[in-house]
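So you can see what is in the structure, the chains are spelled out below.
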Amino acid sequence: MSEPMLIALSAVLSLSILAGAALMMWQGWLALKLRELETGRIAPEHFGGSREGAARIEIADLKERIRKLEAIASGVDL
């Protein structure tokens, strides 16, 4: 076998091994998320930023509503 053919076969074999490993990791991650959904548990990373962001959006929405109600109460058209 020539050297370029050996390099090409090695590259194809390496790529297929890496693709297989990536596929196994993807399936494991999907199984983990499915198990979390079935048990009703939420992963710890969901407790930080997403709740904080949602709370900030809700607070901003409430402030906007208060501002509109105050404008209505004072008789100002928006």
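Residues numbered from 1 in each chain as written. Predicted model: local features only at pLDDT ≥ 70, side-chain atom pairs only at ≥ 80, totals over all residues. Heavy atoms only, no water.

### A closer look at the overall build of the protein
Part 1: Looking only at helices and strands, the protein features two helices and zero strands.
Part 2: The proportion of buried residues among the 78 residues of the protein is 5%.
Part 3: Total accessible area on the protein stands at roughly 7,100 Å², and carbon and sulfur atoms take up 69% of it. (Helix = DSSP H or I, 4+ residues; strand = E, 2+ residues; numbered from the N terminus. Buried < 20%, exposed > 50% of the residue type's maximum accessible area, 1.4 Å probe, protein only. Areas by Shrake-Rupley, 256 points an atom, 1.4 Å probe, with all protein chains shown as cover.)

### Some remarks on helix α1 (residues 3-39)
Part 1: For α1, built from 37 residues, the straight-helix expectation of 54 Å at 1.5 Å per residue is met to within 8% by its first-to-last C-alpha distance of 54 Å.
Part 2: Just beyond α1, the residue with positive phi is Gly40, at close to 80°. (Expected span 1.5 Å × (residues − 1).)

### Concerning the pattern of salt bridges
Part 1: The full count for this structure, using the stated rule, is three salt bridges.
Part 2: Glu36 is the salt-bridge partner of Lys33, the closest N and O atoms lying 3.5 Å from each other. One end of the pair is Lys33 and the other is Glu36, both in helix α1 and three residues apart, which spans about a single turn.
Part 3: Notably, a salt bridge pairs Arg65 with Asp61, separated by 3.4 Å at the nearest N-O pair. Pair noted here: Arg65 and Asp61 are both in helix α2 (residues 49-74), with a separation of four residues, about one helical turn. (Salt bridge = Lys/Arg side-chain N within 4 Å of Asp/Glu carboxyl O.)

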